[in-house]
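Now for the letters of each chain:
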Amino acid sequence: GAGVSQSPRYKVAKRGQDVALRCDPISGHVSLFWYQQALGQGPEFLTYFQNEAQLDKSGLPSDRFFAERPEGSVSTLKIQRTQQEDSAVYLCASSSTGRLYGEQYFGPGTRLTVT
Amino acid sequence: GQQVMQIPQYQHVQEGEDFTTYCNSSTTLSNIQWYKQRPGGHPVFLIQLVKSGEVKKQKRLTFQFGEAKKNSSLHITATQTTDVGTYFCAGPTNSGGSNYKLTFGKGTLLTVNP
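It should be emphasised that the depicted structure is a prediction, and the values quoted were computed from it without experimental measurement.

Parameters at a glance
Residues numbered from 1 in each chain as written. Chains lettered and ligands numbered in written order. Predicted model: local features only at pLDDT ≥ 70, side-chain atom pairs only at ≥ 80, totals over all residues. Heavy atoms only, no water. Helix = DSSP H or I, 4+ residues; strand = E, 2+ residues; numbered from the N terminus. Rg over C-alpha atoms; globule rule 2.2 N^0.38 Å. Buried < 20%, exposed > 50% of the residue type's maximum accessible area, 1.4 Å probe, protein only. Contact = heavy atoms within 4.5 Å. Areas by Shrake-Rupley, 256 points an atom, 1.4 Å probe, with all protein chains shown as cover. Lys, Arg positive; Asp, Glu negative; His and termini not counted. Charge placed at Lys NZ, Arg CZ, Asp CG, Glu CD. Salt bridge = Lys/Arg side-chain N within 4 Å of Asp/Glu carboxyl O. Polar contact = N/O pair within 3.5 Å; in protein donor to acceptor, adjacent residues only side chain to side chain. Nonpolar A, V, L, I, M, F, W, Y, C, P; charged D, E, K, R; others polar. Pairing = 2+ DSSP bridges. Axes fitted to C-alpha atoms, helices over the stretch in contact; angles between N-to-C directions. Phe/Tyr/Trp six-rings, centres within 6.5 Å; stacked < 30°, edge-to-face > 60°.

Trainee: Run through the overall build of chain B, naming residues and quoting values.
Mentor: When you go through chain B residue by residue, the secondary structure sums to zero helices and 11 strands. Starting at the N terminus and walking to the C terminus, you meet the elements of chain B as β-β-β-β-β-β-β-β-β-β-β. Taken over the C-alpha trace, chain B has a radius of gyration of 14 Å; the compact-globule value for 114 residues is 13 Å, and the two agree within 12%. Here the C-alpha coordinates of chain B stretch approximately 45 × 30 × 20 Å along the principal axes. Looking at the 114 residues of chain B, the share that counts as buried comes to 48%. Long-range pairs, those at least 24 residues apart, make up 54% of the contacts in chain B between residues at least 6 apart in sequence. Only carbon and sulfur atoms are counted for the fraction: they give 50% of the accessible area of chain B, which is about 5400 Å². The positive charge centre, built from 11 side chains, and the negative charge centre, built from 6, are 11 Å apart in chain B.

Trainee: Can you lay out the overall build of chain A for me, pointing to particular residues and giving the numbers?
Mentor: The number of helices and strands found in chain A is zero helices and 11 strands. Listing the helices and strands of chain A from first to last along the sequence gives β-β-β-β-β-β-β-β-β-β-β. For chain A, whose C-alpha radius of gyration is 13 Å, the value lies close to the compact-globule estimate of 13 Å for 115 residues. Along the first, second and third principal axes, the C-alpha atoms of chain A reach 40 × 25 × 25 Å. Of the contacts formed within chain A by residues at least 6 apart in sequence, a portion of 53% connects residues at least 24 apart. Of the roughly 5500 Å² of accessible surface on chain A, a fraction of 46% belongs to carbon and sulfur atoms. Each charge class in chain A was averaged separately, 12 positive and 11 negative side chains, and the resulting centres sit 6 Å apart.

Trainee: Please set out the interface of chain A and chain B residue by residue, giving values where relevant.
Mentor: Taken together, the contact pairs 23 residues of chain A with 20 residues of chain B. Run the count over chain A and chain B and you get zero salt bridges. Across the chain A-chain B interface, the total number found is four residue pairs in polar contact (both at pLDDT 80 or more). Across the side of chain A that touches chain B, the residue classes break down as 11 nonpolar, 10 polar and two charged.

Trainee: Provide a residue-level description of the sheet that holds strand 8 (residues 75-79) of chain A, including the pertinent values.
Mentor: Residues and elements named next belong to chain A. The strand order across the open sheet built from four strands is 1-3-8-7, with neighbouring strands paired in antiparallel fashion. Each edge of the open sheet carries a strand with a single partner, namely strand 1 (5-7) and strand 7 (65-68). Going from strand to strand, the sheet's axes swing by 15° on average, the running direction of each strand aside. Sheet analysis places strand 3 (residues 19-24) next to strand 8, joined by five bridges and oriented antiparallel. Note on strand 8: the bridge partner recorded for L21 is L77.

Trainee: Describe in detail the environment of A:V4, supporting the description with residues and values.
Mentor: Residue and element names in this part refer to chain A. The topology assignment puts V4 in the segment before strand 1. For V4, a relative accessible area of 10% corresponds to the buried category. Taking C-alpha positions, V4 is 7.1 Å from A93, a pair spaced 89 residues apart along the chain. Once residues within four sequence positions are removed from consideration, V4 is found in contact with C23, D24, P25, I26, C92, S94, Y105, F106, G107 and P108.

Trainee: Quick one: what's the story with the environment of A:R15, residue by residue and with numbers?
Mentor: Residues and elements named next belong to chain A. Checked against the element boundaries, R15 lands in the loop between strand 2 (10-13) and strand 3. C-alpha separation for the pair R15 and E103, spaced 88 residues apart in sequence, amounts to 36 Å. Contacts of R15, omitting those with residues within four sequence positions, involve T82, Q83, Q84, V114 and T115.

Trainee: I'd like a description of the packing of aromatic side chains, backed by residues and values.
Mentor: Scanning all chains against the criterion turns up 13 aromatic pairs over all chains. Their ring planes at 80° and their centres at 6.2 Å tell us that A:F106 and B:F104 sit as a pair that is edge-to-face. Taken together, the residues span two chains, with A:F106 in strand 10 (residues 105-106) and B:F104 in strand 10 (residues 101-104). Owing to a relative accessible area of 8%, B:F104 belongs among the buried residues under this scheme.

What follows is the structure, encoded as structure tokens:
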């Protein structure tokens, strides 16, 4: 069956540009998470959606980061005025449960490089 | 804030040798999850442990959750080249009132010499 998909897989942006990263979770999954993974590090939590509600955005590094999931399925992570420190792999994960018990299914990630 | 620490950071073994990675949390965890990430890949869920002292096995992999629910380990018996990758532990964090944040350790990168 289809897993979590993300697009684009790779994105190169010039400093100051805006980018939008898309996540298609597994159909029917209630929970959707965004993570940022720097090279050689574990995923760092950014934000969490339960259906269309953004219940936690405590991990977003600055107000340049914005995420939405308007219909409770596809989600978009937007980064405005990108900076070099934003360069990382952005991972999306979905889960069939509404709490932190249970498997998270990760997508392949979007590798963002800001030049 | 809550920290999840893993040791060692790197481990290189000969094929057939055993491997263990350790995970420690600064606070008690309600559950702990383990993920494997192959080079260039994404994290893949391995297992979740919930009960104090729990031990679970998956073929050559043995997972343990400490009695105090603050530490965990993953042991691989007789490693194979297919075991190569980074192994992460992750536990729920409730810092700042969040019930949804999964805190990952930095991972242990396992390389296997055939």
